[in-house]
Amino acid sequence: MKKFSVVIAGGGSTFTPGIVLMLLENQHRFPLKEIKFYDNDGARQEIIAEACKILLKEKAPEIAFSYGTDPKAAFSDVDFVMAHIRVGKYPMRELDEKIPLRHGVVGQETCGPGGIAYGMRSIGGVLELVDYMEQYSPNAWMLNYSNPAAIVAEATRRLRPNAKILNICDMPIGIEGRMAQIAGLKSRKEMRVRYYGLNHFGWWTRIEDLEGNDLMPKIKEHVARHGYVPNSASHAEASWNDTFAKAKDVWALDPDTLPNTYLKYYLYPDYVVAHSNPEHTRANEVMEHREKQVFTACTEIVKAGNSAAGELEIDEHASYIVDLATAIAFNTQERMLLIVPNRGAIPNFDPEAMVEIPCLVGSSGPEPLQVGSIPLFQQGLMGQQVAVEKLVVEAWTEHSYQKLWQAITLSKTVPSASVAKSILDDLIEANKAYWPELK
Ligand code: NAD
Ligand code: G6P
Ligand code: MN
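Being a predicted model, the structure only gives us computed values, none of them experimental.

Participant: Outline the overall build of the protein, supporting the account with residue identities and numerical values.
Facilitator: Tallying secondary structure elements over the protein gives 16 helices and 12 strands in all. In terms of its C-alpha atoms, the protein occupies a principal-axis envelope of roughly 55 × 55 × 40 Å. Within the span of the protein, comprising 439 residues, buried residues form 57% of the whole. A separation of at least 24 residues holds for 71% of the contacts in the protein among residues at least 6 apart in sequence. A total of about 17,800 Å² of accessible surface is found on the protein, and carbon and sulfur atoms cover 50% of it. Across the protein, the 45 positively charged side chains and the 55 negatively charged ones have centroids separated by 1 Å.

Written out as structure tokens, the structure is:
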């Protein structure tokens with residue numbers, strides 16, 4: 001079997017060790033000859049990389065491993081770029097969340113003004129990765145899950161239309177795992193779904209088992225009472241558990257479908273703000289827990305020189321990344337939800353919008369499946385949100401204050417143009433080191 005070379009961009013990510021462990025577990029179907037890490041923060045990456053080096057030496061010494069901050073070394077001779085960068089890292093995520101909250105508006109990593117601010121930072125970072133890939137490994141594919149995926153996907157559609165980049169999100173996968181549990185199935189792979197929307201903004205319209213039996217009634221009955229919180233204990237942290245529970249109210253708005261949890265930020269922003277602590281947001285939780293845990297474990301492993309010295313968890317559900325890589329590498333034609341140009345898949349929706357829909361994936365890329373016409377409620381919500389995402393990309397390209405103000409004003413999470421302007425002015429101040437200077 002052919003063996004592949006992969007570069008993980010954002011090597012210093014909290015998710016990197018879990019993904020490396022997941023790649024090791026999947027060697028039978030996606031064999032690797034080389035793993036490289038690339039990051040623009042060498043010191044942060046070094047801790048993760050030195051621990052992964054020990055881990056790889058113990059578990060798979062045949063896989064070559066290296067890491068660094070030099071794009072040429074990192075992006076040369078690779079088959080896949082797995083990208084999960086966070087431009088500005090957690091301190092900027094914290095500001096994305098806290099600045100809107102100061103104005104009584106949802107403060108969230110990917111939704112509302114915070115997501116817009118993050119988008120303005122991410123666009124340049126992800127385009128740079130695309131350009132390195134095209135320069136040093138023009139036949140490679142980039143599997144991107146850097147956020148905010150909706151804005152990043154729109155930016156690559158507009159600014160790098162021919163790039164071999166696939167944008168994917170794990171939220172539907174996480175929710176489908178819960179649905180499978182609710183339906184009494186062992187795995188989400190025992191379900192076949194229809195779904196449409198934008199990234200972090202979509203709905204399931206059909207969920208069936210592999211014999212074609214409709215699972216929606218059973219799942220809906222559960223969601224109506226408990227949201228996506230399954231009966232047996234789930235491992236989610238409290239803030240995520242609230243999000244899964246709130247899906248109950250999101251669902252109530254359109255009982256024909258089952259919603260993505262992220263819709264709560266658009267449909268219940270008042271509730272979200274009332275339940276946020278403006279002094280302590282999700283970024284603080286992640287810095288205090290996941291980031292601390294991963295970096296402590298890696299430091300311990302490096303100090304001891306063996307992987308048993310620190311606890312690193314395999315990111316089981318990240319195996320969708322291997323599903324995607326193998327679909328391209330071995331032309332498996334696997335059915336997956338990807339963020340792709342609409343081009344008529346939803347005939348009564350903007351053909352140029354980036355939508356999240358089922359695609360068959362093979363060695364020439366994704367082949368989107370026909371969704372069909374969508375109801376007015378979804379059409380209206382999605383049209384507004386797509387306009388926000390497009391305006392952000394135009395604002396970034398044209399350095400336009402006006403367009404960014406329009407984008408924030410148009411976000412369903414924001415009550416007025418005056419509030420939008422106050423938030424924008426604070427965001428500009430906070431993002432000086434990352435955003436183009438707006439005129
Ligand atoms: P993190 O801050 O721990 O890691 C991100 C890394 O990217 C850091 O080491 C940072 O130095 C590096 N980086 C930043 N800008 C860079 C640039 N321009 N070039 C190279 N490296 C750069 O963040 P994390 O919480 O581990 O998340 C990583 C990313 O994955 C985020 O964008 C997050 O939103 C995303 N994510 C997406 C999904 C999804 O569903 N699509 C799921 C989980 C995480
Ligand atoms: C889900 C979403 C990602 C998002 C992440 C945030 O996985 O699909 O897009 O980045 O949640 O999780 P966190 O634990 O960092 O708040
Ligand atoms: Mn996501």
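Participant: Any chance you could break down the site of ligand 1 for me, citing the residues and the numbers?
Facilitator: In the vicinity of ligand 1, 25 residues are found, and the nearest of them are Ser13, Thr14, Asp39, Tyr90 and Tyr118. Interatomic distance of 2.5 Å between a side-chain N/O atom of Tyr118 and an oxygen atom of ligand 1. The separation between an oxygen atom of ligand 1 and a polar side-chain atom of Asp170 is 2.9 Å. Relative to its unbound accessible area of 870 Å², ligand 1 is 95% covered by the protein chains. Of the residues that constitute the shell around ligand 1, the class distribution is 9 nonpolar, 8 polar and 8 charged.

Participant: An account of the packing of aromatic side chains is requested, with residue identities and associated values reported.
Facilitator: All chains considered together, the criterion is met by 16 aromatic pairs. Seen from their ring centres, Trp240 and Tyr262 are 6.4 Å apart, and the 85 degrees between their planes marks the pair as edge-to-face. Of the two residues, Trp240 is situated in helix H9 (residues 238–252) and Tyr262 in the loop between strand S9 (258–259) and helix H10 (264–267); the sequence distance between them amounts to 22 residues. Put simply, the rings of Phe4, Phe30, Phe80 and Phe330 pair up and form one aromatic cluster. When the ring centre of Tyr268 is taken as origin, the NZ or CZ atom of Lys246, which lies over that ring, is 4.4 Å away. The ring centre of Tyr271 lies 3.7 Å from the NZ or CZ of Lys246, which sits over that ring.

The rules behind these values
Residues numbered from 1 in each chain as written. Chains lettered and ligands numbered in written order. Predicted model: local features only at pLDDT ≥ 70, side-chain atom pairs only at ≥ 80, totals over all residues. Heavy atoms only, no water. Helix = DSSP H or I, 4+ residues; strand = E, 2+ residues; numbered from the N terminus. Buried < 20%, exposed > 50% of the residue type's maximum accessible area, 1.4 Å probe, protein only. Contact = heavy atoms within 4.5 Å. Areas by Shrake-Rupley, 256 points an atom, 1.4 Å probe, with all protein chains shown as cover. Lys, Arg positive; Asp, Glu negative; His and termini not counted. Charge placed at Lys NZ, Arg CZ, Asp CG, Glu CD. Near = heavy atom within 4 Å. Polar contact = N/O pair within 3.5 Å; in protein donor to acceptor, adjacent residues only side chain to side chain. Nonpolar A, V, L, I, M, F, W, Y, C, P; charged D, E, K, R; others polar. Phe/Tyr/Trp six-rings, centres within 6.5 Å; stacked < 30°, edge-to-face > 60°. Lys NZ or Arg CZ within 6 Å of the ring centre and 35° of its normal.

Remember, this is a structural readout, not a statement about activity or role.
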